[in-house]
Amino acid sequence: MIILSKVIRLLKHLKWHSNKDNPLERRHLRDDPNLSKFLGGKHAQTTAFKDLHEGLNTDYDERLLDEEDWRVVISGLKIDSEEKNNRLGSMYYNHPFSHDEIDLILEGIWSIKTISNNQAEILTERIKQELGDKFYAKEERALFTRVFKEQESTAVDKEIVQDNLQIIHKAIDTNKQIEFNLYSWYSGEGEDAGDVKFIPRDKNPNLVSPYYIVFDDGKYYLLANTEQYGEEAVQENRMSVWRIDLMNDIEILHEKRTPNKEVENLPEKLEKTFNNEHINIAYDDPKDIEIKISHHSGEERSIDYKFIYDWFGDYQFIKEDKKDYYGHIIKVQATEFAIVNWALQYNQEVEILNPLHIRETIKEKIKNLNNKYS
């Protein structure tokens, strides 16, 4: 027990006071009053070092790990020898995460909108203590603090979102349907006009088969199939999309989900391109869309593709077009519903060429907007 206590204290000391770039010499341990009194003489220290090295650097079958996987590195230690180790060199704790990787982890935490600032601060301190060292704190890295954090004032309780995500994950894992009420903000009428309340959208709860959870623009969405109540209901299996932060009173049912393959527009496997092909999580089926991108000024210079990459990622270049003014014709995968509003947003830079019926839809929208603002 005495040896075990020494090893644990030594491990804690190495984790906080050393890393690959800042190894400790044996004298550093001896000069530390909080540690030296527990280590004893040279022989006891060497025994503790060997036990620490063996415990952390071997697998369950007592086989030595590859050196790059060692958690504690001690130069001069004779591992497979009964000889006395009189001249141990420097030693350090090989942290599983670098300072840059800790930064990335913390940036991710501060970007999550389902946790509060207080929760993020608590997690930050725990991670710095568990994964970092005194050099991380001393360098005052913490670049994550520059990441914008959503304000605390919101009508949607972040804890409800966390609970909803856990319940939905469980339903997906167990292949079960769920039932829930969908809430939104509605205003009263007459004397109550302007009195906005967060209330259920429908009188009856919604019944769905859940399949995938998608994160887009700071919100979580559920891709599902809307089920119908009653044995005689005519079933139309088609992908539906639900805002998870607006769900309340979620209940996992005994009924099994409708099989993925029977749901129209639902991908059999969620690919990383889903968000690009379903702008703003539109639920209709993505199709090939032919677009002309150009400079509204008509200048012959390189075309800025940044907004194309931001929205679609990959695209197919077709050809140059200099008929009206310098431009490129490209093809992307997108839903028809989403591309109409997207084209209006970027009306000076883009023109939808095909399919033709999308052009007609855009023209009709422009006509209605003109009537509204005339």
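Reference entry: report on the structure contained in this document.

Calculation notes
Residues numbered from 1 in each chain as written. Predicted model: local features only at pLDDT ≥ 70, side-chain atom pairs only at ≥ 80, totals over all residues. Heavy atoms only, no water. Phe/Tyr/Trp six-rings, centres within 6.5 Å; stacked < 30°, edge-to-face > 60°. Helix = DSSP H or I, 4+ residues; strand = E, 2+ residues; numbered from the N terminus. Buried < 20%, exposed > 50% of the residue type's maximum accessible area, 1.4 Å probe, protein only. Salt bridge = Lys/Arg side-chain N within 4 Å of Asp/Glu carboxyl O. Core = buried A, V, L, I, M, F, W, Y, C linked by side-chain atoms within 4.5 Å. Contact = heavy atoms within 4.5 Å. Lys, Arg positive; Asp, Glu negative; His and termini not counted. Polar contact = N/O pair within 3.5 Å; in protein donor to acceptor, adjacent residues only side chain to side chain. Expected span 1.5 Å × (residues − 1). Arc of directions from axis to C-beta. Pairing = 2+ DSSP bridges.

### Here's the deal with the packing of aromatic side chains
Item 1. Enumeration over the complete set of coordinates arrives at eleven aromatic pairs.
Item 2. Taking the centre distance of 4.9 Å and the plane angle of 25° together, the rings of Phe307 and Tyr346 count as stacked. Taken together, the positions of Phe307 in helix H10 (residues 306-312) and Tyr346 in the loop between helix H11 (336-345) and strand E12 (350-354) put the pair 39 residues apart, joining distant regions of the chain.
Item 3. With a relative accessible area of 12%, Phe307 lands in the buried category.

### Quick look at the pattern of salt bridges
Item 1. Using the criterion set out here, one finds nine salt bridges in the structure.
Item 2. The residue Asp202 makes a salt bridge to Arg201 at a minimum N-O spacing of 3.1 Å.
Item 3. Arg201 sits in the partly exposed class, given a relative accessible area of 41%.
Item 4. Between Glu351 and Arg359 there is a salt bridge, and its shortest N-O distance comes to 2.9 Å.
Item 5. In this structure Arg359 comes out as partly exposed when scored by relative accessible area, which is 29%.

### A few points about the nonpolar core
Item 1. Of all hydrophobic cores here, the largest spans 24 residues; its most connected members are Ile291, Ile293, Ile339 and Trp342.
Item 2. Those elements that place two or more of their residues in this core are strand E9 (287-294), H10, strand E11 (327-334), H11, E12 and helix H12 (356-373).
Item 3. The element best represented in this core is H11, accounting for five residues.
Item 4. For Ile293, the contacting residues outside a window of four places in its chain are Ile303, Tyr305, Phe307, Ile308, Gly327, His328, Ile330, Glu349 and Val350.
Item 5. Counting 17 residues, the second-largest nonpolar core is a separate cluster that includes Ala171, Val208, Leu222 and Leu246.

### Remarks on unusual backbone geometry
Item 1. Going from Asn354 to Pro355, the amide bond is cis rather than trans, its omega being 0°.
Item 2. Its location among the elements puts Pro355 in the loop between E12 and H12.
Item 3. Positive phi values are uncommon outside glycine, yet Asn175 reaches one of about 60°.
Item 4. By relative accessible area, which is 30% here, Asn175 ends up partly exposed.
Item 5. Even without glycine at this site, Asn280 takes up a positive phi of about 55°.
Item 6. Within the secondary structure, Asn280 sits in the loop between helix H9 (274-277) and E9.

### What about the side chain of Glu227?
Item 1. If you trace the backbone, Glu227 turns up in the loop between strand E6 (219-226) and strand E7 (239-243).
Item 2. Within the buried set, Glu227 has no salt-bridge partner at all; the shortest N-O distance to an opposite charge, 8.6 Å, is to Arg257.
Item 3. Within the structure, Glu227 has its side chain in polar contact with the side chain of Thr258 (distance 2.6 Å).

### Some remarks on helix H8 (residues 158-173)
Item 1. Given a rise of 1.5 Å per residue, 16 residues ought to cover 22 Å, and the 23 Å separating the end C-alpha atoms of H8 matches this to within 8%.
Item 2. Along H8, the residues classified as buried are Lys158, Val161, Asn164, Leu165, Ile168, Ala171 and Ile172. What you see down the axis of H8 is that its buried residues fit within an arc of 135°, all on one side. Along H8, the residues that are exposed and aim more than 90 degrees away from the buried face are Glu159, Gln166, Lys170 and Asp173.
Item 3. Where H8 is buried, its residues meet strand E3 (176-187), strand E5 (206-216), E6 and strand E8 (247-256).
Item 4. Remark: Asn175 follows H8 within two positions and exhibits a positive phi of approximately 60°.

### Some words on the side chain of Asn19
Item 1. Mapping Asn19 onto the fold places it in the loop between helix H1 (2-17) and helix H2 (26-31).
Item 2. Residue Asn19 is classed as buried on the basis of its relative accessible area of 9%.
Item 3. Here the side chain of Asn19 touches Asn22 through a polar contact of 2.8 Å, landing on its backbone nitrogen.
Item 4. Polar contacts involving the side chain of Asn19 include one to the side chain of Asp133, which spans 3.2 Å.
Item 5. In this structure, Asn19 is in contact with Tyr92, Tyr93, His95, His99, Asp133 and Phe135, ignoring residues within four places of it in sequence.

### Digging into the pairing of E11
Item 1. Of all the eight residues making up E11, six are buried; the element is thus mostly covered by neighbouring parts of the structure.
Item 2. Both E9 and E11 contribute to a ladder of eight bridges, which runs antiparallel. Note that in E11 the partner of Asp288 across the bridge is Gln333.
Item 3. Here strand E10 (residues 316-321) runs beside E11; their pairing, made up of five bridges, is antiparallel. Within E11, the residue paired with Lys319 across the bridge is Ile329.

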